[in-house]
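Residues per chain are reported as follows:
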Amino acid sequence: MNRLDFVNKIYSLCKNLDWIGTATPGEIVQAVSKYRKGKKLVPLSSYKIEVNNGCLYLDGDFILRIEPLIRPMNVFSPEADYYELKCLGDITD
């Protein structure tokens, strides 16, 4: 798997349809290269890629936030409600 296929696989796991707040391919490649420094060199295809809550994880290790936490209108999510209440709490304090 080359870098382009690797980045395309990461983008396919993203749920955000707005590309303005999404990390660029260069930022992703740079963060992955920084993560791989000092470790045994393995092919990119051997990593377990996950995107949870807008964050990229390789083999369970946090790499980079690649998309913002934005929820569409009229969607109920306990995680989104938690962060929204935290933001409102910061404003009122």
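As a starting point, this report considers the structure included with it. Given the structure is predicted, the values throughout are model-derived calculations rather than measurements.

Along the backbone of the protein chain there are three helices and three strands. For the protein chain, the sequential pattern of α-helices and β-strands runs α-α-β-β-β-α. When the 93 residues of the protein chain are sorted by exposure, 27% land in the buried category. Considering only intrachain contacts with a sequence separation of at least 6, the fraction spanning at least 24 residues in the protein chain is 45%. Looking at the protein chain as shown, the accessible area adds up to about 7,000 Å², and 58% of this sits on carbon and sulfur atoms.

Along the chain, glutamate 67 falls in the loop between strand 3 (61-65) and helix 3 (78-92). A polar side-chain atom of glutamate 67 sits 3.4 Å from the main-chain amide nitrogen of lysine 15.

We now examine the environment of serine 46. For serine 46, the location among the structural elements is in the loop between helix 2 (25-36) and strand 1 (49-52). The class for serine 46 is partly exposed, based on a relative accessible area of 44%. Sequence separation between serine 46 and leucine 58 is twelve residues; the distance between their C-alpha atoms is 9.7 Å. One polar contact links the side chain of serine 46 to the main-chain carbonyl oxygen of proline 43, over a distance of 2.7 Å.

Here we take up the environment of valine 29. For valine 29, the position within the fold is in helix 2. Excluding residues that lie within four positions of it along the chain, valine 29 makes contacts with Arg3 and Val7.

Reading across from one edge, 1-2-3 is the order of the three strands in this open sheet, with antiparallel pairing throughout. Pairing within the sheet leaves two strands with one partner each, and these edge strands are strand 1 and strand 3. Averaged over all pairs of adjacent strands, the angle between their axes in this sheet comes to 30 degrees, without regard to strand direction. On the sheet, helix 1 (residues 3-13) packs against strand 1 and strand 2 (55-58) and is oriented at approximately 35 degrees with respect to strand 1. Its contacts with the sheet place helix 2 against strand 2 and strand 3, and it is angled at close to 155 degrees to strand 3.

Glancing now at the nonpolar core. Of all hydrophobic cores here, the largest spans 18 residues; its most connected members are Ile28, Val32, Leu56, Leu58 and Ile66. Not counting the four nearest positions on each side in its chain, leucine 58 is found in contact with Phe6, Val32, Tyr35, Tyr47, Lys48, Ile49 and Ile63.

Taken as a whole and judged by the stated rule, the model has one salt bridge. Among the salt bridges present, the one from lysine 48 reaches glutamate 50, with a minimum N-O distance of 3.4 Å. Here glutamate 50 falls in the partly exposed class, since its relative accessible area comes to 24%.

The rules behind the values
Residues numbered from 1 in each chain as written. Predicted model: local features only at pLDDT ≥ 70, side-chain atom pairs only at ≥ 80, totals over all residues. Heavy atoms only, no water. Helix = DSSP H or I, 4+ residues; strand = E, 2+ residues; numbered from the N terminus. Buried < 20%, exposed > 50% of the residue type's maximum accessible area, 1.4 Å probe, protein only. Contact = heavy atoms within 4.5 Å. Areas by Shrake-Rupley, 256 points an atom, 1.4 Å probe, with all protein chains shown as cover. Polar contact = N/O pair within 3.5 Å; in protein donor to acceptor, adjacent residues only side chain to side chain. Pairing = 2+ DSSP bridges. Axes fitted to C-alpha atoms, helices over the stretch in contact; angles between N-to-C directions. Core = buried A, V, L, I, M, F, W, Y, C linked by side-chain atoms within 4.5 Å. Salt bridge = Lys/Arg side-chain N within 4 Å of Asp/Glu carboxyl O.

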